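Understanding the architecture of this molecule
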Amino acid sequence: MAEEKIILGIDPGTTIMGFGLIKVVNKKMQFLQLNELDLKKYDDHYLKLKLIFERTIELIDTHHPDEIAIEAPFFGKNVQSMLKLGRAQGVAMAAGLSREVPITEYAPKKIKMAITGNGNASKEQVAKMLQGMLGIKTLPKNLDAMDGLGAAVCHFYNQGRVEIGKSYSGWASFVKQNEKRVKK
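Quantities reported herein were computed from a predicted structural model and do not represent experimental measurements. (Residues numbered from 1 in each chain as written. Predicted model: local features only at pLDDT ≥ 70, side-chain atom pairs only at ≥ 80, totals over all residues. Heavy atoms only, no water.)

Turning our eyes to something else, we now look at unusual backbone geometry. Excluding glycine, residues mostly have negative phi values, and the peptide bonds linking residues are mostly trans. A positive phi angle is found at H64, which is not glycine, with a value near 50°. Tracing the backbone shows H64 in the loop between α1 (45-63) and β4 (67-71). Overall, H64 belongs to the exposed group, its relative accessible area being 56%. A positive phi angle, near 55°, is found at E100, a position not held by glycine. Along the chain, E100 falls in the loop between α2 (79-98) and β5 (103-106). (Helix = DSSP H or I, 4+ residues; strand = E, 2+ residues; numbered from the N terminus. Buried < 20%, exposed > 50% of the residue type's maximum accessible area, 1.4 Å probe, protein only.)

On to the environment of A145, then. With respect to the element layout, A145 can be found in helix α5 (residues 144-158). Judged by relative accessible area, which is 1%, A145 ranks as buried. Sequence-wise, A145 and I16 are 129 residues apart; in three dimensions their C-alpha atoms are separated by 8.7 Å. With near-sequence residues (within four places) excluded, A145 lies in contact with G18, F19, G20, L34, N35, E36 and P140. (Contact = heavy atoms within 4.5 Å.)

One turn of an α-helix holds 3.6 residues; hence residues three or four places apart share an orientation. With 19 residues, α1 extends 27 Å between its outermost C-alpha atoms, agreeing within 8% with the 27 Å of an ideal straight helix rising 1.5 Å per residue. Looking at the packing, one finds that the buried side of α1 touches β1 (4-11), β2 (16-25), β3 (28-38), β4 and α2. The opening residue of α1 is D44, an N-cap whose side-chain oxygen sits 2.9 Å from the backbone nitrogen of Y46. H64, located one to two residues past α1, shows a positive phi value of around 50°. (Expected span 1.5 Å × (residues − 1). Polar contact = N/O pair within 3.5 Å; in protein donor to acceptor, adjacent residues only side chain to side chain.)

This next bit is on the packing of helix α3 (residues 108-116) against helix α4 (residues 123-134). At a minimum axis distance of 9 Å, the contact between α3 and α4 shows a crossing angle of 45°. It follows from the interaxial angle that α3 and α4 lie oblique. Classified by chirality, the crossing of α4 by α3 is left-handed. For the pair α3 and α4, contact is made by K112, I115 and T116 and by Q125, V126, M129, L130 and M133, respectively. Along the lines of polarity and charge, the residues of the contact of α3 with α4 split into five nonpolar, two polar and one charged. (Axes fitted to C-alpha atoms, helices over the stretch in contact; angles between N-to-C directions. Parallel < 35°, antiparallel > 145°, perpendicular 65-115°, else oblique. Left-handed = near helix turned anticlockwise from the far one by under 90°. Nonpolar A, V, L, I, M, F, W, Y, C, P; charged D, E, K, R; others polar.)

An ideal rise of 1.5 Å per residue puts 28 Å on 20 residues; α2 measures up with 28 Å between its terminal C-alpha atoms. Phi turns positive one or two residues past the end of α2, at E100, with a value near 55°.

This part takes up the nonpolar core. A general trend in soluble globular proteins is that nonpolar side chains are found buried together. Within the largest apolar cluster, 23 residues are counted, with the highest numbers of intra-cluster contacts made by I7, I22, L130, L134, M146 and L149. Secondary structure elements with two or more residues in this core: β2, α3, α4 and α5. Ranked by residues supplied to this core, first place goes to α5 with eight residues. Once residues lying within four places of it in the same chain are set aside, the contact partners of I7 are G20, L21, I22, V24, E67, A69, A152, H155, F156 and Q159. With 22 residues, the next largest nonpolar core counts I6, L21, L49 and A88 among its residues. (Core = buried A, V, L, I, M, F, W, Y, C linked by side-chain atoms within 4.5 Å.)

If you want it as structure tokens, here you go:
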């Protein structure tokens with residue numbers, strides 16, 4: 001019997017949340033879908049977080065992923081941007097955890113390295129590699145969906161390795177691995 005697994009990759013963002021889905025059959029990847037949630041037209045940050053949560057739940061309920069790979073926020077020059085990214089990531093993670101889907105987060109450089117062999121590759125380089133690798137006919141206008149797909153592919157390549165990033169199978173697992181963040 002064929003071993004099958006669906007991986008949902010998410011590139012969290014409060015302007016655009018990109019996501020991609022791959023199916024793994026007998027250790028071979030198949031492209032399923034990529035898309036994005038465009039949040040530019042909304043001014044209310046809390047509404048954006050609600051929409052990210054609802055869209056992630058919808059993706060989980062529709063495609064029944066076995067695992068979620070999510071891009072970790074990176075520290076840029078603007079602390080406010082990082083806070084917003086962290087919230088977006090947290091809401092997507094909460095959606096996955098509420099459906100008991102295991103989650104692994106990957107640093108952007110780790111994803112780029114897994115796809116291109118270069119941790120400093122551009123978004124365009126990553127997108128082109130994924131396009132060729134998965135037989136995607138045309139690239140989307142925004143590359144956030146490709147970033148989400150990249151997280152899923154990175155997760156596929158890193159399965160079975162001892163050190164792949166932080167991984168959570170539920171709230172108890174999250175709390176146990178983040179004890180310093182829990183108020184007592």
